[in-house]
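# Remarks on the overall topology
Given next are the chains, with one letter for each unit.
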Amino acid sequence: MSLRERFHSENTLVCLLQGLRGKSTVVELRNESSVTGTIDSVDAYMNIYMTGVELVDPRGSVSNFADFFVQGKNVRFVQIPDDVNITDTIKQQIWGWQDRRVRKERKPKLQKQK
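In this text the structure is predicted, and so the values were computed from the model without any measurement.

Attention shifts here to the overall build of the chain. From N to C terminus, the chain includes three helices and five strands. Helices (α) and strands (β) of the chain occur, in sequence order from the N terminus, as α-α-β-β-β-β-β-α. Per-residue burial for the chain yields a buried fraction of 31% across its 114 residues. Within the chain, contacts between residues at least 6 apart in sequence are counted, and of these 49% link residues at least 24 apart. Looking at the chain as shown, the accessible area adds up to about 8,200 Å², and 49% of this sits on carbon and sulfur atoms.

This part covers the pairing of strand E3 (residues 48-56). Across seven bridges, the pairing between strand E2 (residues 34-42) and E3 is antiparallel. Among the inter-strand pairings, Ile39 is bridged to a residue of E3, identified as Met50. Inspection of the sheet shows E3 paired to strand E4 (residues 62-70) by eight bridges, in the antiparallel sense. Across the sheet, the residue bridging to Met50 is Phe68, located in E4.

Turning our attention to unusual backbone geometry. Despite not being glycine, Glu32 has its phi angle at roughly 75°, a positive value. With respect to the secondary-structure elements, Glu32 resides in the loop between strand E1 (24-29) and E2. Overall, the relative accessible area of 54% leaves Glu32 in the exposed class. Of note in the backbone geometry, Met46 takes a positive phi value of approximately 65° without being a glycine. Within the element layout of this structure, Met46 appears in the loop between E2 and E3.

Each value, and the rule that gives it
Residues numbered from 1 in each chain as written. Predicted model: local features only at pLDDT ≥ 70, side-chain atom pairs only at ≥ 80, totals over all residues. Heavy atoms only, no water. Helix = DSSP H or I, 4+ residues; strand = E, 2+ residues; numbered from the N terminus. Buried < 20%, exposed > 50% of the residue type's maximum accessible area, 1.4 Å probe, protein only. Contact = heavy atoms within 4.5 Å. Areas by Shrake-Rupley, 256 points an atom, 1.4 Å probe, with all protein chains shown as cover. Pairing = 2+ DSSP bridges.

None of this, on its own, says anything about what the molecule does.
What follows is the structure, encoded as structure tokens:
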């Protein structure tokens, strides 16, 4: 993840969506469609990769997909599952990044031998 992506993730609610990895949820799109499936990953720009997806278009037609990609600019709402504690999920995501950053800083640098 680039510094810019990490900044977006740490300073927006995208970190909440990233914490939903592995959870089944509904993503409502700007064109009145809805996508129901399991979140595989979310990047800093709210692009969502999902698996086991059922897409319901505005006319009510249903399509099934093994994998599905939702571009962040097309997301209207993401329904957070009832079993998810929003505050704890955000804290876990942020602490995870901070922990990785601390481990990276503590990692000893190798000296070049002469």
